[in-house]
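Each chain, letter by letter, is given below.
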Amino acid sequence: MMERHVLVVFPHPDDETLAAGGAVALQAKQGSTVTYACFTLGQMGRNMGKPFFANRETLPEIREKELHEACAALGISDLRMMGFRDKTLEFEDPETLIGIISDLLAELKPTLLITYYPGYCVHPDHEALAAATMEAVRRLPDNARPKIYCQAFSRNHETDLGARDVLLDTSSVWENKYRAMKAHKTQTAARIEEIERALAAGGAQKEQMIAALSQENMYSYRV
Ligand SMILES: [Zn+2]
């Protein structure tokens, strides 16, 4: 179903692609306006490309450029760089983050919100932002709350949460997601090599890889 406005909230350049690239591209293709509020530049990322082509000084600039490319591939027309530093969100006053997200919700009135599943997203930046995002939604009146899709990837998530209930056929946009993954090349080189190998091999290997990229599952979430 096409959403009027989709708000995507994640802390790092590449979260939008790796956690929800198919869902985002699918909405954009159907004509939704997509805003990505990206809270940091991933300055502290340990991956510098393979072979290395970034260093601690150049990484933020390179990752911002990668993000712009990925957004173009996914159809994200409104990219908001929120200007926090990587690995610092957990130390922010939660009210600061909640306030920023509340402002975005008030401005954009999204019908769909995409973020991480609080408690099941591992990284402290992910957890801090997911918790603040859900709190901001909780403060909205019932009838003003967007639908929420979440991604989870902690080791225990399936035991606790069960299987994902939002099953998206992303076959019409798998190439967009793949292009976005390639755009984030400081972070994704190893995975890209694996995909390229499968696609080049043809036959069943290629089919399996395309099938894997053509399905994206998430959790629905109620505050
Ligand atoms: Zn991340």
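Up top is the structure.
Residues numbered from 1 in each chain as written. Predicted model: local features only at pLDDT ≥ 70, side-chain atom pairs only at ≥ 80, totals over all residues.

Draft legend 1. Region of interest: the nonpolar core. Among the nonpolar cores identified, the biggest contains 58 residues, and Val8, Val24, Leu74, Ile101 and Ile114 are the most heavily contacted of them. Element by element, the count of residues in this core is highest for helix H5 (residues 124-138), at 7 residues. Excluding residues that lie within four positions of it along the chain, Val24 makes contacts with Val8, Glu16, Val34, Leu74, Ile76 and Ile114. (Core = buried A, V, L, I, M, F, W, Y, C linked by C-beta atoms within 7 Å. Buried ≥ 20, exposed ≤ 12 C-beta atoms within 10 Å, placed from the backbone. Helix = DSSP H or I, 4+ residues; strand = E, 2+ residues; numbered from the N terminus. Contact = placed C-beta atoms within 7 Å.)

Draft legend 2. Molecular detail of the pairing of strand S5 (residues 147-151). By the criterion of burial, S5 is predominantly enclosed, with 4 of the 5 residues buried. Of the pairings in the sheet, the one linking strand S4 (residues 112-116) to S5 comprises 5 bridges and is parallel in character. Residue Thr115 lies in a different strand from S5, and its bridge partner there is Cys150. Of the pairings in the sheet, the one linking S5 to strand S7 (residues 215-221) comprises 3 bridges and is antiparallel in character. (Pairing = 2+ DSSP bridges.)

Draft legend 3. Region of interest: the packing of helix H7 (residues 174-183) against helix H8 (residues 185-201). Contact pair H7 / H8: the axes reach a minimum separation of 7 Å and the direction vectors enclose 130°. In terms of their interaxial angle, H7 and H8 are classed as oblique. Contact residues: H7 offers Tyr178, Met181, Lys182 and Ala183, while H8 offers Lys185, Thr188, Arg191, Ile192 and Ile195. Its residues placed into classes, the contact of H7 with H8 shows 5 nonpolar, 1 polar and 3 charged. (Axes fitted to C-alpha atoms, helices over the stretch in contact; angles between N-to-C directions. Parallel < 35°, antiparallel > 145°, perpendicular 65-115°, else oblique. Nonpolar A, V, L, I, M, F, W, Y, C, P; charged D, E, K, R; others polar.)

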